[in-house]
Amino acid sequence: MGENESSVPNPSQQDKKMAYHKVNADQRAQGHSPYLDNDDLQATALELEWDMEKELEEPGFDHFRLDGAIQHHRGNSQSPDLDLEPIQPSSSPKGRFQRLQEDPEYISHYTRQAPKSHRSNSVRILKVFCTALVLFIFGIVIGYYARKKCPSPATAREPNNLHIYHEILKDIKAENIQQIYRSLLQFPREDDVDIAMKILVQWTSQGLEDVQLVNYSVLLDLPGSSSNTITLKNSAECFYPGGQQCNRETKVLHSQDLLYSYAAYSAKGTLEGELVDLQYGTVDDLIRIQAITNVTKKIALLKLGQSPLLYKLSLLEDAGFGGALLYVDPCDLPKTTDLTDKAFMVSLNSGGDPSTPGYASIDGSYRQNRPNLTTLLVQPISAVLAKKLISLAEDTVQTERCKPLQMPATEKKIISLNIQSVTTYKTVSNVIGYLKGSVFPDRYVIIGSHHNSWNTYGGQDWASSTAIITAFIQAVMLKVKRGWRPDRTIVFCSWGGTSFGNIGSYEWAEDLKRVLQRNVVAYVSLHNPVKGNSTLHPVASPSLQQLAAESQSSSCVEKIKCPGSNVSSVQIQGDSDYFINHLGVPATQFSYEDIRTSENSSFLSEALFPVHTTKTEELDPSFSLHETIAKLTGQVTLQIASEPVLPFNALDIALEVQNSLKGDEVDVPQLLAVASRLRDTAELFQSDEMRPANDPMERAPVRVRMLNDVLQSLEKSFLVHRAPPGLYRNILYRLDERTSLFSVLQEALEHCKLHQANETIQAALSEVLNSINSAQVYFKAGLDLFETTLAGKK
């Protein structure tokens, strides 16, 4: 068509243009731009529109157009025939800008006011009028941008990239965390509701918009009016759990420590029996003891470490023991730690309110009568008392090389154990704060700390974790006030009742289970961030290992050693438990620890020792370690909450599965074959779907939505129906760094060794096989869905 012909469109062409604008107006969501929504733009002013779009072609608008396209698709997902392809970025400003910004009201108005029969004169008048109107509005827009450098949030969201994350994280300062920490320790901690209210006020004062106090009435097992005692019948000596002689003076001086040296939910009463040294309570230890004596109703002297306490106690219960004395061998503790004269608290609760197992403790719920969760009488004691009970002289262990405690083979001790804890209903409070996402508000990234009440056990880790999450909220809300928001909703949680078995987090998650199953994409834990000051210990589920590793290199505080520590998928303590084992949610946690001195040191954190209030400040006097943990945690949280495509790695899951099947312990062809198929499918998924979606030039909104739905549920396939006590249901997590085999298979092999039967192995193999196969089918279904959908679009 010639130049003259194109300058004056004929009527038929004019109709086509009007029809084109009408169709696109019907497909558009209103309200994309507050500056252009009320413009009375006419289709006859195409040349002016083109010039205006050129003027507005600047950095930030590309991202705005894409975000608007994503939101537009979500709001109209009920229209399966909607073609989203033209919404993708292209080289033509006309194609990207006009379809998102034109006003549908104007188009329909124009088609009504300009019929063919009266077009000749009215068009000229409208041209002049519209030209003046467009220039006027254009001047307003230019004036607005001259007044305000950055677009307002309603016009164009800031691009979610590392630059924004760093701007947020730089506002996290060690001195701020220290100030918050000290203010937390001034709170009276006699009632869980009181301290939760203080945290709620703090979070609200930082600007967090929606903060709630969520209470549950739960069954707690608390110390009785007098301390538990251990009496050595051979000498008629009576001891408190810390090793002190039973007398009134000791009871007065150490009343708090004496009372809270106990095992919550242990059986109650008095038991007299022979003391049997069972070392770490492994299957091999049990077989050795059962070969030389009948263990029925005897009392085991048991070290913490190597494997979960609940698993060990389940073995003792099955074997017929009547009770257990728990202690930590000094050789397993870091050299910088001296806790030999300290008893401790443990909880025998696997999770949640014991009176409502598997369902929330809301008003009207049926309450089961479960004052104890084991038939064993269990009592923690200090290493000093353990030495006295096995008649070990103090100087025998004061050598250059630590010698593990062990009862002489000739010794036979009869002891009497008296346990008098009391079960009662108390209110546990959670503080839940929401920062609503701007693109996917129904997708949650949960970051959780915990608060403590009723006792001083567990040190001040609760104040450390609460101070860190509060400092992070403060930094994030400063950016929110300047117009930024994450794509997904961030849920900030401070859990109550953690030391009694993660009760607060379990009850809240059981209460909202259906919502969380659909909406939660990740859990970030701040359970015990500074347990030592020697080494950084990052833990992450396989799909988040790469993100956790990358965050270390970009978020470490200057002058603080923060090497690229190996990220592992091992069992951890704390409130992440429900999200990992019941919801199959990817999780991560950063913490500082002391260097482990023994391979038996794993699971020592199950013991909650009484720690002086200055201990945390001795470990980290400048609070630089707290700052590092806050920035690492914040970096991961922000990326998960704001990246268009969830930063999960599907291939790492398949590789973790294959690594867990290496070795001679399990050589089952079917398992190896299905694991190989899983890896092949994950590689295809990673290359064919993840790569294009992470390229902004190829990032179709429909692809991103579908891909995130698949990524969100990657780990749910690996939840086995039943796991032994203390072991994770999520088989992607190993027991510790020393073992690579799936924990359920490892336990099945141990069970076979103990009972000389292989039914447990066959059942465990079947569970693992079905989990891996389910994951492979899930990946394959995701690939097929992409191929079918995209082929249909083409």
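These numbers come from a predicted model, not from an experiment. Every residue gets a number counted from 1 within its own chain, in the order that chain's sequence is written. Local features are withheld for residues below a pLDDT of 70 in this predicted model, meaning they are given only at 70 or higher, and side-chain atom pairs are given and counted only at 80 or more; totals for whole chains, interfaces and linings count all residues. Only hydrogens and water are set aside; all other atoms, that is, all heavy atoms of the structure, feed into the side-chain values.

(A) Structural detail: the sheet that holds strand 2 (residues 229–232). Pairing between strands is defined by DSSP: at least two bridges between the two strands are required. Secondary structure elements follow DSSP: runs of H or I no shorter than four residues count as helices, runs of E no shorter than two count as strands, and numbering proceeds from the N terminus. One open sheet accounts for seven strands, arranged 3-2-10-5-6-7-9; its pairing is mixed. Strands with a single pairing partner mark the edges of an open sheet, and in this sheet they are strand 3 (237–239) and strand 9 (377–380). Strand-to-strand twist across the sheet, computed as the mean angle between neighbouring axes with direction ignored, equals 30°. Bridge count between strand 5 (residues 269–279) and strand 10 (residues 413–419): seven bridges; the pairing is antiparallel. Within strand 10, the residue paired with leucine 271 across the bridge is leucine 417. Any two residues whose heavy atoms approach within 4.5 Å at even a single point are treated as in contact. Working convention: axes come from line fits to C-alpha atoms, limited for helices to the stretch in contact. Angles between N-to-C directions cover 0 to 180 degrees. Running at roughly 155° to strand 6 (residues 299–303), helix 14 (residues 309–319) makes contact with strand 5, strand 6, strand 7 (323–327) and strand 9 of the sheet.

(B) Fine view of unusual backbone geometry. The phi dihedral of phenylalanine 603 falls on the positive side, at around 70°, and the residue is not glycine. By the secondary structure assignment, phenylalanine 603 is in the loop between strand 16 (587–593) and helix 21 (615–619). Backbone geometry at phenylalanine 623 places phi at a positive 60°, although glycine is not the residue there. Tracing the backbone through its elements, the reader meets phenylalanine 623 in the loop between helix 21 and helix 22 (624–642).

(C) View of the sheet that holds strand 15 (residues 535–540). Ordered by their spatial adjacency, seven strands build an open sheet running 1-11-13-12-14-16-15, and the pairing between neighbours is mixed. Both outer strands of the open sheet, strand 1 (210–222) and strand 15, are each paired with one neighbouring strand and no more. On average, each strand axis in the sheet is tilted by 20° relative to the strand beside it, whichever way the strands run. Where strand 12 (residues 440–450) lies against strand 13 (residues 488–495), eight bridges are found, and the strand directions are parallel. Paired with glycine 448 across the two strands is cysteine 493, which belongs to strand 13. Here helix 16 (residues 461–481) sits on the sheet and contacts strand 11 (422–435), strand 12 and strand 13; the angle it forms with strand 12, its principal contact strand, is near 145°.

(D) The arrangement of the environment of asparagine 430 in detail. On the secondary structure map, asparagine 430 appears in strand 11. Residues asparagine 430 and tryptophan 495, 65 residues apart in the sequence, show an inter-C-alpha distance of 4.8 Å. Counted as a polar contact is a pair of N or O atoms within 3.5 Å, where, for protein atoms, one must be capable of donating a hydrogen and the other of accepting one, and residues adjacent in sequence contribute only when both atoms are in side chains. For asparagine 430, the side chain forms a polar contact with the main-chain oxygen of glycine 504, separated by 2.9 Å.

(E) Expanded view of the pattern of salt bridges. By salt bridge we mean one thing: a side-chain nitrogen of Lys or Arg within 4 Å of a carboxyl oxygen of Asp or Glu. Across all of its chains, the model carries 21 salt bridges by this definition. Notably, a salt bridge pairs aspartate 341 with lysine 342, separated by 3.4 Å at the nearest N-O pair. One salt bridge in this structure joins arginine 367 and aspartate 353, with 2.9 Å as the shortest N-O distance. Taken together, the positions of arginine 367 in the loop between strand 8 (346–347) and strand 9 and aspartate 353 in the loop between strand 8 and strand 9 put the pair 14 residues apart, joining distant regions of the chain. A relative accessible area of 26% means that arginine 367 is categorised as partly exposed. The exposure class assigned to aspartate 353 is buried, which follows from its relative accessible area of 2%. Taken together, the shared-partner salt bridges connect Asp442, Arg443, Arg705 and Asp709 into one network. Classification of residues uses two cut-offs on accessible area relative to the type maximum, computed with a 1.4 Å probe and protein chains only: under 20% is buried, over 50% is exposed, and between them is partly exposed.

(F) Summary view of the pairing of strand 6. When you tally the buried positions in strand 6, you get five out of five residues, the bulk of the element. Burial along strand 6 is two-sided: the face carrying Ile299, Leu301 and Lys303 and the face carrying Ala300 and Leu302 are both buried. By the bridge criterion, four bridges tie strand 5 to strand 6 in an arrangement that is parallel. The residue bridging leucine 275 from the neighbouring strand is isoleucine 299, located in strand 6. Bridging between strand 6 and strand 7 involves five bridges; their strand directions are parallel. Note that in strand 7 the partner of leucine 302 across the bridge is leucine 326. The handedness of a crossover follows from its direction of travel: if, with the strands pointing away from the viewer, the path from the first strand over the helix to the second runs clockwise, the crossover is right-handed. Running through helix 14, the crossover from strand 6 to the neighbouring parallel element strand 7 is right-handed.

(G) Main features of the pairing of strand 11. Where strand 1 and strand 11 come together, 13 bridges link them in antiparallel fashion. Its bridge partner being in strand 11, leucine 220 is matched across the sheet by threonine 424.

(H) Region of the structure containing the environment of serine 541. Within the secondary structure layout, serine 541 lies in the loop between strand 15 and helix 19 (545–555). With 46 residues separating them in the primary sequence, serine 541 and alanine 587 have C-alpha atoms 5.6 Å apart. If sequence neighbours within four positions are ignored, serine 541 has contacts with Ser569, Pro586, Ala587, Glu715 and Tyr733. A distance of 3.0 Å separates a polar atom in the side chain of serine 541 from a polar atom in the side chain of glutamate 715.

(I) Looking closely at the state of the cysteines. Here, a disulfide means two cysteine sulfur atoms that sit within 2.5 Å of each other. Going through the model one piece at a time under the given rule, you end up with two disulfides. With a sulfur-sulfur separation of 1.8 Å, cysteine 331 is cross-linked through a disulfide to cysteine 402. Sign of the S-S torsion, about -85° for the bond between cysteine 331 and cysteine 402, identifies this disulfide as left-handed. One end of the pair, cysteine 331, is in the loop between strand 7 and strand 8; the other, cysteine 402, is in the loop between helix 15 (383–389) and strand 10, and 71 residues separate them in sequence. Taking relative accessible area as the criterion, cysteine 331 reaches 12% and is therefore assigned buried. Relative accessible area serves as the criterion here: at 40%, cysteine 402 is assigned to the partly exposed category.

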